[in-house]
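Chain by chain, the residues run as shown.
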Amino acid sequence: MTTSSPLSARAEILQKIRIANAHAPDTAIAQSAWSDLPRDYKRTSTLAHNAVLDLLADRLHDYDAQVLRSALADLPRNIAAMLSARSIQRLVVPAGLPPEWLPPGFIFTPDDSLSSAELDRVDGVLTASTLAIAETGTVVLQNVPGQGRRALSLVPDYHLCLVQSADVVQTVPEAMARLQPTATLPTTFVSGPSATADIEMTRIKGVHGPRFLDVILIV
Amino acid sequence: MSEGPLDPTTAPTFPIAARAAMGDAQLRNNVRHATNVIQAKRARVVDEMPDWQALREAGKQIRQHTMRHLDIYLEQFEANCTRAGGVVHWARNAAEASRIVVDLVKQSGSDEVIKIKSMTTEEIQLNHALEAAGIHPYETDLAELIIQLGNDQPSHIVVPALHKNRQQIREIFQRTMHLPQLGDQPQDLADAARIFLREKFLRVKTGVSGANFLIAETGGVCIVESEGNGRMCLTLPETLITVAGIDKVLPRFQDLEVMLQLLPRSATGERMNPYNSLWTGVHANDGPRAFHVVLMDNARSEILADEESRQTLNCIRCGACQNACPVYRQTGGHAYGSVYAGPIGAILTPQLQQMQHAQSLPYASSLCGACYEVCPVKINIPEVLIHLRNQVVLQNTAGIAGLFDVEAAAMKAMAAIFRSERRFKAAQRLGRIAETPLVRRDQQGLGWISWLPGILGGWSQARDLQQMPQQTFRDWWEKRSNHDN
Ligand code: SF4
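Remember, predicted model here, so these are calculated numbers, not experimental data. (Residues numbered from 1 in each chain as written. Chains lettered and ligands numbered in written order. Predicted model: local features only at pLDDT ≥ 70, side-chain atom pairs only at ≥ 80, totals over all residues. Heavy atoms only, no water.)

## Overview of a nonpolar patch on the surface
Residue and element names in this part refer to chain B.
In step 1: Residues Phe473, Trp476 and Trp477 make up a contiguous nonpolar surface patch of roughly 380 Å² in combined accessible area.
In step 2: Residue position: Trp477 is located in helix α23 (residues 473-484).
In step 3: Under the relative-accessibility criterion, Trp477 is labelled partly exposed at 45%. (Patch = residues over 30% accessible without salt bridge, like charges linked within 9 Å, V, L, I, M, F, W, Y side chains within 5 Å. Areas by Shrake-Rupley, 256 points an atom, 1.4 Å probe, with all protein chains shown as cover. Salt bridge = Lys/Arg side-chain N within 4 Å of Asp/Glu carboxyl O. Helix = DSSP H or I, 4+ residues; strand = E, 2+ residues; numbered from the N terminus. Buried < 20%, exposed > 50% of the residue type's maximum accessible area, 1.4 Å probe, protein only.)

## Observations concerning the interface of chain A and chain B
Size of an interface: often given as the accessible area lost when the parts come together.
In step 1: Each partner contributes to the interface: chain A provides 80 residues, whereas chain B provides 93 residues.
In step 2: Both faces combined, the contact of chain A with chain B buries some 7500 Å², and carbon together with sulfur accounts for 57% of it.
In step 3: For the pair chain A and chain B, the number of links is 15 salt bridges.
In step 4: For Asp191 of chain B, the salt bridge is made with Arg211 of chain A, and the minimal N-O distance between the two is 3.9 Å.
In step 5: On inspection of chain A and its partner chain B, the count reaches 39 residue pairs in polar contact (both at pLDDT 80 or more).
In step 6: Counting only elements with at least two residues in the side of chain A that touches chain B, the list comes to α1 (9-21), α2 (27-35), α3 (49-62), α5 (116-121), α6 (172-179), β9 (187-190), β10 (195-196) and β11 (204-205) of chain A.
In step 7: Pairing of β9 of chain A with strand β9 (residues 275-280) of chain B involves four bridges; the strand directions are antiparallel. In the strand pairing of β9 of chain B, Val190 of chain A is matched with Tyr275 of chain B. (Contact = heavy atoms within 4.5 Å. Buried area = accessible area lost by both parts, 1.4 Å probe. Polar contact = N/O pair within 3.5 Å; in protein donor to acceptor, adjacent residues only side chain to side chain. Pairing = 2+ DSSP bridges.)

## A word on the environment of Leu162 of chain B
Residue and element names in this part refer to chain B.
In step 1: As for its placement among the helices and strands, Leu162 is situated in the loop between α8 (142-149) and α9 (166-176).
In step 2: When the C-alpha atoms of Leu162 and Ala34 are compared, they prove to be 6.2 Å apart, with 128 residues separating the residues in sequence.
In step 3: Aside from chain neighbours lying at most four places away, what touches Leu162 is Asn30, Val31, Ala34, Thr35, Ser155, His156 and Tyr328.

## A word on the nonpolar core
In step 1: Core analysis: the largest hydrophobic core is formed by 153 residues, its most contacted members being Phe189 of chain A together with Phe77, Phe173, Leu256, Leu295 and Tyr336 of chain B.
In step 2: With seven residues, helix α12 (residues 256-267) of chain B is the single largest residue contributor to this core.
In step 3: Sequence-distant contacts of Phe189 of chain A, defined by excluding residues within four places in its chain, comprise Ile133, Thr138, Val139, Val140, Met176 and Leu179 of chain A together with Leu260, Met272, Pro274, Tyr275, Asn276 and Leu278 of chain B. (Core = buried A, V, L, I, M, F, W, Y, C linked by side-chain atoms within 4.5 Å.)

## Thoughts on empty space enclosed by the protein
In step 1: Within the structure shown, the criterion is met by seven cavities of 30 Å³ or more.
In step 2: Taken as a whole, the largest cavity holds about 730 Å³ of empty space.
In step 3: Those elements that provide at least two residues to the lining of the largest cavity are β10 of chain A together with α6 (119-123), β6 (220-225) and α12 of chain B.
In step 4: Tallied by class, the residues present in the lining of the largest cavity amount to 18 nonpolar, nine polar and 12 charged. (1 Å grid on protein atoms, 1.4 Å probe; cavity = no way out; pocket = protein on both sides within 12 Å on 5 of 7 lines; lining within 4 Å. Points joined across faces, edges and corners; volume = space filled by probe spheres on them. Nonpolar A, V, L, I, M, F, W, Y, C, P; charged D, E, K, R; others polar.)

## Focus: the pairing of strand β7 (residues 239-245) of chain B
Residue and element names in this part refer to chain B.
In step 1: When you tally the buried positions in β7, you get seven out of seven residues, the bulk of the element.
In step 2: A two-sided burial pattern is seen for β7, the buried positions comprising Thr239, Ile241, Val243 and Gly245 on one face and Leu240, Thr242 and Ala244 on the other.
In step 3: Pairing geometry for strand β4 (residues 206-209) and β7, over four bridges, is parallel. What sits directly across from Thr206, in β7, is Thr239.
In step 4: Of the strand pairs in this sheet, β7 and strand β10 (residues 290-296) are connected by seven bridges, and their pairing is parallel. When the bridges of β10 are listed, Thr239 appears paired with Ala290.

## A short note on the sheet that holds β9 of chain B
In step 1: An order of β8(A)-β5(A)-β6(A)-β9(A)-β9(B)-β6(B)-β5(B)-β8(B) is seen for the eight strands of this open sheet, with the pairing classed as mixed. Strand pairing shows two members of the sheet lacking a second neighbour, β8 (168-169) of chain A together with β8 (249-250) of chain B, which therefore form its edges.
In step 2: Summarising the sheet, strand β5 (residues 213-215) of chain B and β6 of chain B pair through three bridges and their orientation is antiparallel. Of the residues in β6 of chain B, the one forming a bridge with Ile215 of chain B is Gly220 of chain B.

## Topic: the layout of surface pockets
In step 1: Taken as a whole, the second largest pocket encloses approximately 720 Å³ of empty space.
In step 2: Partitioning the lining of the second largest pocket into residue classes produces 14 nonpolar, nine polar and eight charged.

## Some thoughts on unusual backbone geometry
All names here are of chain B.
In step 1: Positive phi, close to 65°, is recorded for Met355, a residue that is not glycine.
In step 2: Among the secondary structure elements, Met355 is positioned in the loop between α16 (342-352) and α17 (370-374).
In step 3: In the Ramachandran plot, Ala358 falls in the positive-phi region, its phi being about 60° despite a non-glycine side chain.
In step 4: Looking at the element boundaries, Ala358 is found in the loop between α16 and α17.
In step 5: Residue Ala358 is classed as buried on the basis of its relative accessible area of 16%.

## Re the environment of Gln356 of chain B
Residue and element names in this part refer to chain B.
In step 1: Counting through the fold element by element, Gln356 comes out in the loop between α16 and α17.
In step 2: Gln356 sits in the exposed class, given a relative accessible area of 52%.
In step 3: Sequence spacing of Gln356 and Thr9 is 347 residues, and the spatial spacing of their C-alpha atoms is 8.2 Å.

## Some details on the confidence of the model for chain B
Close inspection of predicted coordinates is inappropriate in any region flagged by low pLDDT.
In step 1: The predicted model of chain B has a mean per-residue pLDDT of 88, with 84% of residues at 70 or higher.
In step 2: The ipTM for the predicted assembly is 0.95, set against a pTM of 0.88. (pLDDT = per-residue confidence, 0-100.)

## Thoughts on the environment of Ala9 of chain A
In step 1: Relative to the helices and strands, Ala9 of chain A resides in helix α1.
In step 2: By relative accessible area, Ala9 of chain A is classed as buried at 10%.
In step 3: Among all residues touching Ala9 of chain A, those that are not within four sequence positions of it are Trp90, Ala91, Arg92 and Glu96 of chain B.

## Topic: the pattern of salt bridges
A side chain of one charge can pair with a side chain of the opposite charge when the charged atoms of the two come close.
In step 1: Per the counting criterion, the structure on display carries 36 salt bridges over all chains.
In step 2: A salt bridge links Arg39 of chain A to Asp255 of chain B; its shortest N-O distance comes to 2.6 Å. Residue Arg39 of chain A is found in the loop between α2 and α3, and its partner Asp255 of chain B is found in the loop between β8 and α12; the two belong to separate chains. Comparing Arg39 of chain A with Asp255 of chain B, the two get one shared label, buried.
In step 3: Notably, a salt bridge pairs Asp111 of chain A with Arg149 of chain A, separated by 2.9 Å at the nearest N-O pair.

## Here we look at the site of the ligand
In step 1: Around the ligand lies a shell formed by Ile157, Cys315, Ile316, Arg317, Cys318, Gly319, Cys321, Ile344, Cys375, Pro376, Ile379 and Ile381 of chain B.
In step 2: A per-class count over the shell around the ligand returns 10 nonpolar, one polar and one charged. (Near = heavy atom within 4 Å.)

## Digging into the sheet that holds strand β2 (residues 112-115) of chain B
Residues and elements named next belong to chain B.
In step 1: Across the sheet, which stays open at both edges, the six strands sit in the order β1-β10-β7-β4-β2-β3 with parallel pairing between neighbours. At either margin of the open sheet sits one strand with a lone partner, and together these are β1 (87-91) and β3 (136-139). Ignoring which end each strand starts from, the neighbouring axes of this sheet average 25° apart.
In step 2: Sitting on the sheet, helix α4 (residues 70-83) touches β1 and β10, and the angle it makes with β1 is about 145°. (Axes fitted to C-alpha atoms, helices over the stretch in contact; angles between N-to-C directions.)

Laid out in structure tokens, this is it:
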């Protein structure tokens, strides 16, 4: 240090870390050491794609989510069936969701910067998804057209999520590899409806997030 | 129930606190039930992973590597988070971190905050600092809410209220939420929390969180949770303040593929917890407009400097070691006098206190190794415990303190006795006389000692000692040889 002023917290902490590690920072060494880290765990799919889809449905059922398979052409009919079964009438939809997917007979409000209080007053939300992970029963949402901002899939009590079968992977590593290019987008992993086990370790559905989650697999 | 925040600088020693906890049958029942359930769930979802050991090894190596280059990764995180619109602050210790958070909340124009469960903010007693500054913190995690409303303290790092059963929780909610009719089904209690907190989520403009992982490569933050209260706090407020230990950083986004497999299965026995949130800085029209991260040291760099115990920093706070620990399962968390209880608390707490307090915690273990076996990042907790016991002894025998240390004096006396045959024989005779008032006979007529006076009391609290034999091997040998001659 050239001045006698006390070190900033930042400088002091970094200095203590360097002394503890007994070496100067070297990005090149860190990079090559990182590349050499062992990754002997499963990183690719071991199942045929159909089996991967079955596994996803299975894991989602475990979380009490309803799962329906639908051809693209039947999508509006199947969305209507899901919503009717849950008595959902008014939904918010993110910008960019293809309007031809939406069935008649329901009120779909586009998300035009609705306030949180307004989101709280709709019955549910319909979104697409970036991908799904079969082994963990997870759907991943990002802030892109058709999925929208994070609050949409959070405040309403019901979430109907559409998943393209090509976007379903078996393992977590495959999912992270696909997400890498868009890693800085707001991203939410959803594995079943909101839940807690804080009371005597009993899994209770629906604390603050949507209490009900359904998924339509577009095959 | 504990009074006041768990503070290792003022807490009673573990043996004393544990004795009180052992007397609370309800507490022990609740803790046993909860840890049994989580352990069974964990075992099921870990057993279905054929590559679990490879994941653990990768997890360990990633964390070890991160610590070795911690300066680089923190600077990378800072640069990338700043580029994405976040503001990074650095705090040397708890007081500095609390001061930064209090100032930021005031700047946000709010006198209340909604909080996500965070052991780091518990560690620095942030709620106290906020309240002292006239800011009301609302805990939003169900367990933290139970603890806040019940004026209680967390006893587990993942399930902080596991020491309370549903009747006890109902009683707290009935009283504090003014719901005399509230039922005691878990669903009733969760519904009550949902209604109680929803209005706060929609109204309060400032949120405070911890972090599970900071990603150096992107400047992003990851939080894993179950209830959705986390997502509420992360997305609805205008200002978000995240407090994270400097140990929470991960080199790259890809490293999450390991952590997001290890953590949920180890922590709650789920294949994946209901929600993981990932965000980077601020994002137009999605979430808070102002985002701050406080990177806090608070003795972590000192732990890093100790080659033998730095693995403590690899911890990802899954709580599996607590559930597996035969000591924690008997005493529950409060006896550890720290928000970090169980095996991880026994090694982390004294080190966070720079070995000045909580010195009894490294002894709060039978070194059975159950914690090491379940640890998803393979922290060798027994090894660190032994190292820390050494540290405690060294500290207590160094300088002036050593002259007054009873244990050190006793060891010196023992050495003197063992060196001389005459003194050894005298000591054995003396021992038989001295123990007489302590011996209780069992049905078989065997003598047992279950209470020892003074500093030996801690040892005998968990052990029964058999009475000294009336005749020693030496006596017997001498008499026998006399006969033979
Ligand atoms: S020490 Fe290991 S098992 Fe214990 S909380 Fe930390 S990561 Fe989990």
